[in-house]
Amino acid sequence: WLLRFAAAELRSDRVVVLEAIRHCNEEDGVPWQYVAHGLRGDRGVVFEAVRQNGRVLQRVPDEFRGDHHVVLEAVRQNGLALQYAHQELRKDREVVLAAVRKCGQALQFVSAELQQDREV
């Protein structure tokens, strides 16, 4: 929670925010609520946040929920992050397989057509 007590200027500093995200622990999670709004649309910041905790996908701007690379990284970290992905990515074989491999319960968020796929 390094950002929690940081000045607004530091919360807007990309380097500081990325370091804070990289050093967050599993227990505290990613301090997304303390990231300056201007950086929440930064693909690199979003990517690093979901790499640390895939469930952050639920709080990122909508455009990133449809970003194949971002969603794939999120589900590789936490398969259940699939529930926050756009519908089109719930049909994407690569994304779905990564999610289900990480957590079998992610199957409930897979598109109906892929749920019938034996490989999934």
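So, here's what we can say about the structure. Source: prediction; values computed, not measured. Numbering of residues begins from 1 in every chain and follows the order in which that chain's sequence is written. Where local features are concerned, this predicted model is filtered to residues with pLDDT of at least 70; where side-chain atom pairs are given and counted, the filter is 80 or more; whole-chain, interface and lining totals use all residues. In computing side-chain properties, one takes all heavy atoms of the structure into account and sets aside hydrogens as well as water.

Let us look at the overall build of the chain. Each helix is a run of DSSP H or I of at least 4 residues and each strand a run of E of at least 2, with the numbering of both proceeding from the N terminus. Looking only at helices and strands, the chain has 7 helices and 0 strands in total. For the chain, the succession of helices and strands along the chain, N to C, is α-α-α-α-α-α-α. Radius of gyration here is computed from C-alpha atoms only, and the compact-globule reference equals 2.2 Å multiplied by the residue count raised to the power 0.38. For 120 residues, the compact-globule formula gives about 14 Å, and the C-alpha radius of gyration of the chain, at 15 Å, lands near that figure. Taken over the C-alpha atoms alone, the chain extends approximately 50 × 25 × 15 Å along its principal axes. Going through the 120 residues of the chain one by one, you find that 48% of them count as buried. Surface exposure here means Shrake-Rupley accessible area, sampled with a 1.4 Å probe, where a residue is shielded only by the protein chains that are shown. With the model as given, the accessible surface of the chain reaches about 6,600 Å², and the carbon-plus-sulfur share is 45%. Buried means the residue's accessible area, taken with a 1.4 Å probe over protein chains only, is under 20% of the maximum for its type, while exposed means over 50%, and partly exposed covers the values in between.

Definition used for salt bridges: Asp or Glu carboxyl oxygen within 4 Å of a side-chain nitrogen of Lys or Arg. The final tally for this structure, using the stated rule, is 6 salt bridges. The residue E19 makes a salt bridge to R22 at a minimum N-O spacing of 3.2 Å. Placement of both E19 and R22 in helix α2 (residues 14-22) is noted, with a separation of 3 residues, approximately one turn of the helix. A relative accessible area of 39% means that R22 is categorised as partly exposed. A salt bridge links D67 to R43, with the shortest nitrogen-to-oxygen separation between them at 2.8 Å. With a gap of 24 residues between them, D67 in the loop between α4 (62-65) and α5 (68-77) and R43 in helix α3 (residues 43-52) connect regions that are remote in the sequence. With relative accessibility at 39%, the residue R43 sits in the partly exposed group. Each of E19, R22, E48, R51 and E73 takes part in a single network of salt bridges with overlapping partners.

Our next topic: the side chain of E73. In this fold, E73 is placed in helix α5. Note on contacts: a residue pair qualifies if any of its non-hydrogen atoms lie within 4.5 Å across the two residues. Not counting the four nearest positions on each side in its chain, E73 is found in contact with F47, V50 and R51.

Attention now goes to the nonpolar core. By size, the foremost hydrophobic cluster in this structure holds 42 residues, and its most contacted members are W32, L57, V75 and L82. Secondary-structure elements contributing two or more residues to this core are α2, α3, α5 and α6 (93-102). Within this scheme, the nonpolar core is defined by two criteria: the residues are buried Ala, Val, Leu, Ile, Met, Phe, Trp, Tyr or Cys, and they are joined through side-chain atoms within 4.5 Å.

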